[in-house]
Number of protein chains: 2
Amino acid sequence: MTVEWIAVDWGTTNLRAFAMGRDGIVAQSTSDDGMGRLDRDGFEPALLHLIDPWLTEGRVTEVIACGMVGSRQGWHEAPYRAVPCTPLDPATLVTAPTRDGRIRVRLVPGLKQVQPADVMRGEETQIAGVLALRQGFDGVVCLPGTHSKWAHLSAGEVVSFQTFLTGEMFALLSQASVLRHGLQGDGWDEAAFDAAVSDALSRPERIGARLFSIRAEGLIAGLAAASARARLSGLLIGMELAAARPYWLGQAVVIVGSEAISASYARALKGLGVEARVVKGGDAVLAGLLMTRAKVNA
Amino acid sequence: MTVEWIAVDWGTTNLRAFAMGRDGIVAQSTSDDGMGRLDRDGFEPALLHLIDPWLTEGRVTEVIACGMVGSRQGWHEAPYRAVPCTPLDPATLVTAPTRDGRIRVRLVPGLKQVQPADVMRGEETQIAGVLALRQGFDGVVCLPGTHSKWAHLSAGEVVSFQTFLTGEMFALLSQASVLRHGLQGDGWDEAAFDAAVSDALSRPERIGARLFSIRAEGLIAGLAAASARARLSGLLIGMELAAARPYWLGQAVVIVGSEAISASYARALKGLGVEARVVKGGDAVLAGLLMTRAKVNA
């Protein structure tokens, strides 16, 4: 096995490294050493802890990393590039300071939008991956997650994008708010999800009241946990779709994310007459890092 | 000093007790022994810890308590009464089990609304207090807080009410979400508050996107913490007002709450042409407990 280079997806909560050979992944390793728990001096040791077995004495292995690792609070800042622009530009990679002579680490910059103000880090690589996997794609990429993004692509450039706090609100409300009491348990109620999406789309301003009704129906009407959780998800996704209407209406949409959340978005969009394609988040980020490496060496 | 009875406001996070004499409060005491940190056997000791100095051996002192103490997870359940109904009915008080012969503790039941499902505990006593302080009041009572309530009163009855998760969302978003990074500091930007209220009222569905823009503007445009915090508050209050429009439009509105949050709601309502009166939350709950005691002994 020859490790030619190492691809790294380094977000706030996770670090994922892929040893890349001539024909693709030859090994991979993951840890929870995300940016959120590291100080500046902690990044190199955290990376070496994962990739040390893949390194060779006397040879410099190239590492390309995307995500929050390149933020101001990360290993080293890779300043945002401003849209409209291509999702990746090899000339803008930033080299991180390292002590170990066996690695050279380059960080992918995120994108910013000046007006309305918005930022992304990591998703630009997934978008580059979508373009690599589906050459010539024009349309919209939806990246659901903690901070869901919608990006409009045209002629290979990110024209505009918008971020929603949907996933973080779901996590906070389901784990830390009064609603948590009624959400514990298994199962999923698709009818409750569909009704909540539809409800939020038609009356988005009622979200604050509809959220509390999940608790109240649990107390006085025995609302099941499976229905409560699906309703919470549907309300938040529906509200996002209400605001993202200019992005999906009449557009070709590709969803990039984990399986379960992508399926929920695809289902909600289908109810609105939009047939979205789904690309796995891991596939997109790896395709984007592969494309970055190819362009760096072109 | 003669303690005739004891009034207790017992919520999720706080316990407040008032020793009542012939002419009003003769002593008061507070602890953070809210319902949230007590198990069933912990309520009586927590109460005695505060009120022991006010009790007399060989005499039973009457205690009337409102709030979450009467919930299923509280000391003893005081089942909800269904609206439409008066905010208080002395015949429905529930006696809590006690070991100490010096006290008799009675719990005020909360209110429920079957459709749309909603519940309140403690606010019914504040509403009774508003009616005691402003006899014959017909209109709307707004009770901002962790779970803001809007209640429509007519002919001395609560006709309908609606709860919003506004305060809890503000707490979660400002303390636990990615937004917390840009909210630390002092000061308050009233113009940012006003603009955010107006923004949320006109485009309520955009809330999820506008929330993330607070973070993005902090990162790329140096948004000040005072503006960020005011904007977060304004967006959430504006969204509540958008949904509560049937409550405040063309109505006499009384706001019951703490000083700062009441002022924010009054300011937002004034921008909508509604001149609301403000009653301090503590005054309202005490007036409600006084009225309860008077009716119990009538």
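Above this text sits the structure in question.
Residues numbered from 1 in each chain as written. Chains lettered and ligands numbered in written order. Predicted model: local features only at pLDDT ≥ 70, side-chain atom pairs only at ≥ 80, totals over all residues. Heavy atoms only, no water.

Chemist: What is the right way to look at helix 6 (residues 225-243) of chain A in this model?
Modeler: The α-helix winds at 3.6 residues per turn, so residues separated by three or four positions along the chain end up facing the same way. In a regular helix each residue adds 1.5 Å, so 19 residues correspond to 27 Å; helix 6 of chain A covers 27 Å between its end C-alpha atoms and thus fits that length. Along helix 6 of chain A, 19 of the 19 residues are buried, which leaves the element largely enclosed by surrounding structure. (Helix = DSSP H or I, 4+ residues; strand = E, 2+ residues; numbered from the N terminus. Expected span 1.5 Å × (residues − 1). Buried < 20%, exposed > 50% of the residue type's maximum accessible area, 1.4 Å probe, protein only.)

Chemist: Sorry, what's going on with the pattern of salt bridges here?
Modeler: Once the charged atoms of two side chains with opposite charge are near each other, the side chains can pair. Applying the stated criterion to the full structure yields 28 salt bridges over all chains. For Asp 52 of chain B, the salt bridge identified is with Arg 102 of chain B, shortest N-O distance 2.7 Å. Of this pair, Asp 52 of chain B sits in the loop between helix 1 (43-51) and strand 4 (61-66) while Arg 102 of chain B sits in the loop between strand 6 (94-95) and strand 7 (103-107); the two residues are 50 residues apart in sequence, bridging distant segments of the chain. Taking the relative accessible area as the measure of exposure, Asp 52 of chain B reaches 35% and is therefore partly exposed. A relative accessible area of 12% places Arg 102 of chain B in the buried class. Linked through salt bridges whose partners overlap, the residues forming this network are Asp 32, Asp 33 and Arg 37 of chain A. (Salt bridge = Lys/Arg side-chain N within 4 Å of Asp/Glu carboxyl O.)

Chemist: Just checking my understanding: could you explain the packing of helix 2 (residues 123-133) of chain B against helix 9 (residues 281-296) of chain B for this structure?
Modeler: Packed helices, taken two at a time, are described by the angle between their axes plus the distance between the axes. Residue and element names in this part refer to chain B. For the pair helix 2 and helix 9, interaxial distance at closest approach is 6 Å and the crossing angle is 85 degrees. With respect to each other, helix 2 and helix 9 are oriented roughly perpendicular. Here Thr 125, Gln 126, Ala 128, Gly 129, Ala 132 and Leu 133 of helix 2 lie close against helix 9, whose contacting residues are Gly 281, Asp 283, Ala 284, Val 285, Ala 287, Gly 288, Leu 289 and Met 291. In terms of residue class, the contact of helix 2 with helix 9 is made up of eight nonpolar, five polar and one charged. (Axes fitted to C-alpha atoms, helices over the stretch in contact; angles between N-to-C directions. Parallel < 35°, antiparallel > 145°, perpendicular 65-115°, else oblique. Contact = heavy atoms within 4.5 Å. Nonpolar A, V, L, I, M, F, W, Y, C, P; charged D, E, K, R; others polar.)

Chemist: What should I look at first to understand helix 9 of chain B in this one?
Modeler: Here helix 9 of chain B contains 16 residues, and its C-alpha end-to-end distance of 23 Å stays within 8% of the 22 Å for a straight helix at 1.5 Å per residue. Among the residues of helix 9 of chain B, those classed as buried are Gly 281, Ala 284, Val 285, Leu 286, Ala 287, Gly 288, Leu 289, Thr 292, Arg 293 and Val 296 of chain B.

Chemist: I tried to follow the packing of aromatic side chains on my own but got confused; where do I start?
Modeler: Given two aromatic rings, one states the distance between the centres and the angle between the planes to describe the pair. Tallied over the full model, the rule gives eight aromatic pairs over all chains. Considering the side-chain rings of Trp 10 of chain A and Phe 43 of chain A, the 5.3 Å spacing of their centres and the 55 degrees angle between planes classify their relative orientation as tilted. Here the residue Trp 10 of chain A occupies a position in strand 1 (residues 5-10), and Phe 43 of chain A occupies one in helix 1 (residues 43-51), the gap between them amounting to 33 residues. Pair check on accessibility: Trp 10 of chain A and Phe 43 of chain A agree, each one buried. Seen in terms of ring centroids, Trp 188 of chain B and Phe 193 of chain B are 6.0 Å apart; in terms of plane orientation they differ by 40 degrees. Their pairing is tilted. (Phe/Tyr/Trp six-rings, centres within 6.5 Å; stacked < 30°, edge-to-face > 60°.)

Geometric descriptors of this kind do not, in isolation, establish any biological role.
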